[in-house]
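Here is how the chains run, residue by residue.
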4 protein chains.
Amino acid sequence: MPDHADGYPTALGASTPETITLLGADLAGDIMGKVGFGELAFWLAAQRRPTTGETRVFEAVLAALADHGFTPTAIVTRLTYLSAPDSVQGALAAGLLGGGSRFLGVTEDSARFLHRHLPDPLPADDTAWDTLARDVLRAQGGARIPGLGHHLHKDGDPRTPRLMRIAAEEGLFGPHLSLFAAIGRVHPRLLGKTLPLNGAGACGAALADLGLPLELLRGFALLARTAGLIGQLAEELHRPVANEIFLSVDLNHRPVPPGGPGGSYG
Amino acid sequence: MPDHADGYPTALGASTPETITLLGADLAGDIMGKVGFGELAFWLAAQRRPTTGETRVFEAVLAALADHGFTPTAIVTRLTYLSAPDSVQGALAAGLLGGGSRFLGVTEDSARFLHRHLPDPLPADDTAWDTLARDVLRAQGGARIPGLGHHLHKDGDPRTPRLMRIAAEEGLFGPHLSLFAAIGRVHPRLLGKTLPLNGAGACGAALADLGLPLELLRGFALLARTAGLIGQLAEELHRPVANEIFLSVDLNHRPVPPGGPGGSYG
Amino acid sequence: MPDHADGYPTALGASTPETITLLGADLAGDIMGKVGFGELAFWLAAQRRPTTGETRVFEAVLAALADHGFTPTAIVTRLTYLSAPDSVQGALAAGLLGGGSRFLGVTEDSARFLHRHLPDPLPADDTAWDTLARDVLRAQGGARIPGLGHHLHKDGDPRTPRLMRIAAEEGLFGPHLSLFAAIGRVHPRLLGKTLPLNGAGACGAALADLGLPLELLRGFALLARTAGLIGQLAEELHRPVANEIFLSVDLNHRPVPPGGPGGSYG
Amino acid sequence: MPDHADGYPTALGASTPETITLLGADLAGDIMGKVGFGELAFWLAAQRRPTTGETRVFEAVLAALADHGFTPTAIVTRLTYLSAPDSVQGALAAGLLGGGSRFLGVTEDSARFLHRHLPDPLPADDTAWDTLARDVLRAQGGARIPGLGHHLHKDGDPRTPRLMRIAAEEGLFGPHLSLFAAIGRVHPRLLGKTLPLNGAGACGAALADLGLPLELLRGFALLARTAGLIGQLAEELHRPVANEIFLSVDLNHRPVPPGGPGGSYG
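Residues numbered from 1 in each chain as written. Chains lettered and ligands numbered in written order. Predicted model: local features only at pLDDT ≥ 70, side-chain atom pairs only at ≥ 80, totals over all residues. Heavy atoms only, no water.

- The name an unreviewed UniProt entry gives chain A is citrate synthase (unknown stereospecificity), with Nonomuraea soli as the organism.
- You can read under Pathway (unreviewed entry) in the UniProt record for chain A the words "Carbohydrate metabolism; tricarboxylic acid cycle." (UniProt positions renumbered as here; feature names shortened; annotations may be inferred.)

See below:
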């Protein structure tokens, strides 16, 4: 069965009694104290060390996604900690499990959408990008465009122009961000209304332009969110709200008679 | 019921249609592109911005804990992704759930142990630290000292001296690391054998010296590990081993008759 | 915002100082000691009490799905318990997280597939079901038919005929099972080979015939698996294998140079 | 390394192309349609088939623990499903992660507490049990007695007498329930106040009397709760409340300036 009769291959952590290596580098001598955490996370995911500019864009994305206040994931982490304070890992894991299609998923969905529509060769200038963006929007018919629209920031998500500028400053404004920006320029005319390019979508485009695996873009949103959820737990420790949230629901329950869709086909 | 008739307090993320703030700062203008991810994670947890030196020590700890190769948590994340590739969040959460008492717990346990034994006022010099360390070890009787010993790095964990040097360089070699170092110096005489100060213990001591909440030290190990687990998933994508691991177990199962401890007391 | 100014409605558990009700019934007097666990689980999901026959079919499905030996989910639960023995909830949760598209998902996918192809009115006899089944298979082109095929039980999954007989005995052989059985009859001629109707698919069809919500069919597979995973943990306690599984991977790691798909588009 | 050069032993699920066995029995022929789900869950955990009486007590315990309305775990499952509707397994796992020391833990804690105080030989009659109970309570000093007291059912938890009667009817009122009942009789005099024996504690005592492994008692509470959480999801599907719960928190957030315990020791 195993093809790997010679062992399970990995370029990640490995140890001997005297040494610890990570990604082929000496952990103690070459990484600790020399490599920032964002840089290391990129390196681990891409198996190549990012440039300073790539690290800056990557960390800007992580900052944009780290915490959005009392999201479902934040509430879940606080409630789980209330219920099982013996297990910090359980509280964090529970919060991350909300990182699915509706909330954190936009980042990944946007990147995949943009990626799917990139032609080869790529458009040569903004005019050509705009033409492509119009084709993409028309092909969508009325379907939702991932990354377009925001329930709150209706006149513009402040993260989007900021991230685009950072990417441009670092020479990392690639095809995904180019198509995303073009969609932002051309959609008002086609859709008859102006929607904001949201920050989650911009983050997805930027991560894709960094060449990170599309299958794992949701993972970076989750990494960012892990830091945010630790912040939520730290705040819960000295400014607790979870018990009141729980009581606000439990004390306001209203008993209704059973009944539902559970009929039989038999 | 709610004391917070005026609302649930938070200093973390908050949004208006035009702005997004995080920790009281403007997310787009003051954080994105300016604050590294390790620095931000510290800031979120402590609700104060760390110094450059604190960030360096903190990121060195995260690097030390990010990935240790094919640990149970890494294997769990890969197997879960094999089984449910539609849910990256589930694969990461499953891996983090292994971050309990036996593996990641050492970081937190060491910090708590050291913290519990710090006197007020603190020892004034190395001689006084050594005296304290001897008292602590004697009080333990034969019980295990968290942070002392390693199944592989028997002659020394390379992360420990490196982390101590980084903390010293940044003026952040505080009382937890001081007691930990003293235990390292005095235990051979008392225990009759020389054990290494392990890296997880050194990380716990360093995090405690940074003033981070003891209740959440396991959380930082989990944050570091999240980056490592994303690395494991990225590697699984182009160098898969999970299916072979699964088959190596399943194809080697050996049926035995049922039987166990499940007797009745009735 | 809340429409529910009058409270959050629920027909599930509710308590007063003197009473506990569940689904409108008195928990202590009417449920405990009188309602089996499978029956209760059905009642909770459908908000109506099942008949004896429905309970028998439902419990047969749960039995079919409870444990399949050293699956990835079972290995994950054992490894997580090894790593974090302080958190049984974490070990079970980690195992359940493998219940996604590849393994447990077949149950739900089959039910949805069959449901999508049921006409109104339903076929009147087996000949008409066979005609429908042929149309369904043709419409699939070469695409995979959920529930058809098994990597091991190539000549027939013993669970399938057994579950069909139980459903028939209880008068609960409904349209989903009928279409599934018809697919079993007609596919060899159309596909040019005979594949088994697998047990997971039969379970999905049977659950759908019971009128349980399609959105939650995976949930029942997970309920069954929770019992199986507790069995795995119980066995791990007195016949441990997790540490050896871990070592069999870790000691067989093979360091390779870093490298991957992480190029930049910038 | 492996002692199990001859394979990983298991008495649980095993398959050949023609057969599927579980616990040494033929799954299709001997279990499906013949063994209820509660009975099977007991069998899986104890590796012996329970008697009818044991099954009845066991299922009464599961019923008592299945759902308590809008608990933190129920809210967590609903919020996670709101946020990630693509992953039922994630929503259930997140809910189970709240099954820790504060809520579900009482079941296990009570059983362990009672078990630890059982003498050998056991008391012969109620008078002797009362004497033991008084010794146990005195030895606790003022410390909390697991299973004693309830925040709502101050004059008696209706599940407790019911479960005791069922156990007695089945001849399964063993030493754990005996000591628990004795604590109920003698504590008012010693503590100067009358507290209820809570249902979770009674469940723990009953499970221990069934001879189930103490290390896994929390697991049975989680199995029961899995059924309850599926009920919560089913209700959320046609009577949703999660979005309003989320908004009731998010819209009532109150920004406060950062600040916390994150000082440095450096």
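### Examining the domain arrangement of chain A
- Split into domains, chain A comes out as domain 1 (13-49) and domain 2 (105-214).
- The straight-line distance from the C-alpha centre of domain 1 of chain A to that of domain 2 of chain A is 33 Å. (Domains from an automatic or database assignment.)

### Things to note about the pattern of salt bridges
- Applying the stated rule across the entire model yields 60 salt bridges over all chains.
- For Arg 254 of chain C, the salt bridge is made with Asp 6 of chain A, and the minimal N-O distance between the two is 3.6 Å. Of the two residues, Arg 254 of chain C is situated in strand β5 (residues 253-255) and Asp 6 of chain A in the segment before β1 (8-10); the pairing between them involves two chains.
- Because the salt bridges share partners, they merge into one network encompassing Arg 78, Glu 235, Glu 236 and Arg 239 of chain A. (Salt bridge = Lys/Arg side-chain N within 4 Å of Asp/Glu carboxyl O. Helix = DSSP H or I, 4+ residues; strand = E, 2+ residues; numbered from the N terminus.)

### Here's the deal with the interface of chain C and chain D
- Facing the 93 residues of chain C at the interface are 92 residues of chain D.
- A combined buried area of about 7,400 Å² lies between chain C and chain D, and 71% of that area is made up of carbon and sulfur atoms.
- Taken together, chain C and chain D are joined by zero salt bridges.
- Counting across the chain C and chain D interface gives 23 residue pairs in polar contact (both at pLDDT 80 or more).
- Of all the elements, helix α11 (residues 217-238) of chain C adds the most residues to the side of chain C that touches chain D, at 17 residues.
- When its residues are assigned to classes, the side of chain C that touches chain D shows 51 nonpolar, 26 polar and 16 charged. (Contact = heavy atoms within 4.5 Å. Buried area = accessible area lost by both parts, 1.4 Å probe. Polar contact = N/O pair within 3.5 Å; in protein donor to acceptor, adjacent residues only side chain to side chain. Nonpolar A, V, L, I, M, F, W, Y, C, P; charged D, E, K, R; others polar.)

### Details of the side chain of Arg 162 of chain B
- Mapped onto the secondary structure, Arg 162 of chain B falls in helix α8 (residues 159-169).
- As a buried residue without a salt bridge, Arg 162 of chain B has its nearest oppositely charged side chain in Glu 169 of chain B, at a separation of 4.8 Å.
- Sequence-distant contacts of Arg 162 of chain B, defined by excluding residues within four places in its chain, comprise Ala 28, Gly 29, Met 32, Gly 33 and Lys 34 of chain A together with Arg 56 of chain B. (Buried < 20%, exposed > 50% of the residue type's maximum accessible area, 1.4 Å probe, protein only. Lys, Arg positive; Asp, Glu negative; His and termini not counted.)

### Side note on the packing of aromatic side chains
- Going through the model one piece at a time under the given rule, you end up with 14 aromatic pairs over all chains.
- Between the aromatic rings of Phe 42 of chain B and Phe 58 of chain B, the centroid separation amounts to 5.4 Å while the plane-to-plane angle is 85 degrees, which identifies the pairing as edge-to-face. Placement of the pair is Phe 42 of chain B in helix α2 (residues 37-46) and Phe 58 of chain B in helix α3 (residues 52-65), with a sequence separation of 16 residues. Neither residue differs from the other here; Phe 42 of chain B and Phe 58 of chain B are each classed as buried.
- Between Phe 58 of chain B and Phe 220 of chain B the ring centres are 5.4 Å apart and the planes differ by 85 degrees, which places this aromatic pair in the edge-to-face class. Here Phe 220 of chain B lies in helix α11 (residues 217-238) and Phe 58 of chain B lies in helix α3, a separation of 162 residues in the sequence. Residues Phe 58 of chain B and Phe 220 of chain B agree in their burial class; the two are buried.
- Connected via pairs of aromatic rings, a cluster forms that spans Phe 42, Phe 58 and Phe 220 of chain A. (Phe/Tyr/Trp six-rings, centres within 6.5 Å; stacked < 30°, edge-to-face > 60°.)

### Some points on the packing of helix α5 (residues 88-96) of chain C against α11 of chain C
Residues and elements named next belong to chain C.
- Between α5 and α11, the shortest axis-to-axis distance is 10 Å and the interhelical angle comes to 130 degrees. In terms of axis orientation, α5 runs oblique to α11. Seen along the crossing, α5 lies across α11 with a hand that is right-handed. Taking contact as the criterion, the partners of Val 88, Ala 91, Leu 92, Gly 95 and Leu 96 in α5 are, on α11, Leu 222, Arg 225, Thr 226, Leu 229, Ile 230 and Leu 233.
- Residue classes in the contact of α5 with α11 are distributed as eight nonpolar, two polar and one charged. (Axes fitted to C-alpha atoms, helices over the stretch in contact; angles between N-to-C directions. Parallel < 35°, antiparallel > 145°, perpendicular 65-115°, else oblique. Left-handed = near helix turned anticlockwise from the far one by under 90°.)

### Some remarks on the interface of chain A and chain B
- Tallying the contact residues gives 93 residues for chain A and 93 residues for chain B.
- Summing both partners gives a buried area of about 7,400 Å² for chain A against chain B, and 71% of it is carried by carbon and sulfur.
- Between chain A and chain B we count zero salt bridges in total.
- One can count 23 residue pairs in polar contact (both at pLDDT 80 or more) joining chain A with chain B.
- For the side of chain A that touches chain B, the element with the highest residue contribution is helix α11 (residues 217-238) of chain A, accounting for 17 residues.
- Its residues placed into classes, the side of chain A that touches chain B shows 51 nonpolar, 26 polar and 16 charged.

### Examining the relation of the copies chain C and chain D
- Structural alignment of chain C on chain D gives an RMSD of 0.0 Å, achieved by rotating through 180 degrees and translating 0.0 Å along the axis. Considering both components of the superposition, the chain copies are consistent with a two-fold axis. Taking the C-alpha atom as reference, chain C places Ala 93 of chain C closest to the rotation axis, 2.3 Å from it.
- In this assembly the copies share their binding face: 99% of the residues contributing to the interface of chain C also contribute to that of chain D. (Least-squares fit on C-alpha atoms with pLDDT ≥ 70 in both.)

### Considerations on helix α6 (residues 105-116) of chain A
All names here are of chain A.
- Given a rise of 1.5 Å per residue, 12 residues ought to cover 16 Å, and the 16 Å separating the end C-alpha atoms of α6 matches this to within 8%.
- By the burial criterion, the buried members of α6 are Gly 105, Val 106, Thr 107, Glu 108, Ser 110, Ala 111, Phe 113 and Leu 114.
- If you follow the buried residues of α6, they end up packed against α3 (52-65), α7 (126-140), α9 (175-191), α10 (199-209) and α11. (Expected span 1.5 Å × (residues − 1).)

### Notes on the sheet that holds strand β2 (residues 14-15) of chain C
All names here are of chain C.
- Pairing in this open sheet of three strands is antiparallel, and the strands run β2-β3-β4 from one edge to the other. Looking at the sheet topology across the chains shown, the edges are occupied by β2 and β4 (25-26).
- In this sheet, β4 lies alongside strand β3 (residues 20-22) in antiparallel orientation, the contact comprising two bridges. In the sheet register, Thr 21 faces β4, and the bridge partner there is Asp 26. (Pairing = 2+ DSSP bridges.)

### Some thoughts on the environment of Gly 29 of chain D
- Mapped onto the elements of the fold, Gly 29 of chain D is located in helix α1 (residues 27-31).
- In this structure Gly 29 of chain D comes out as partly exposed when scored by relative accessible area, which is 24%.
- Ignoring anything within four residues of it in the chain, the contact list for Gly 29 of chain D reads Arg 162 of chain C together with Lys 34 of chain D.

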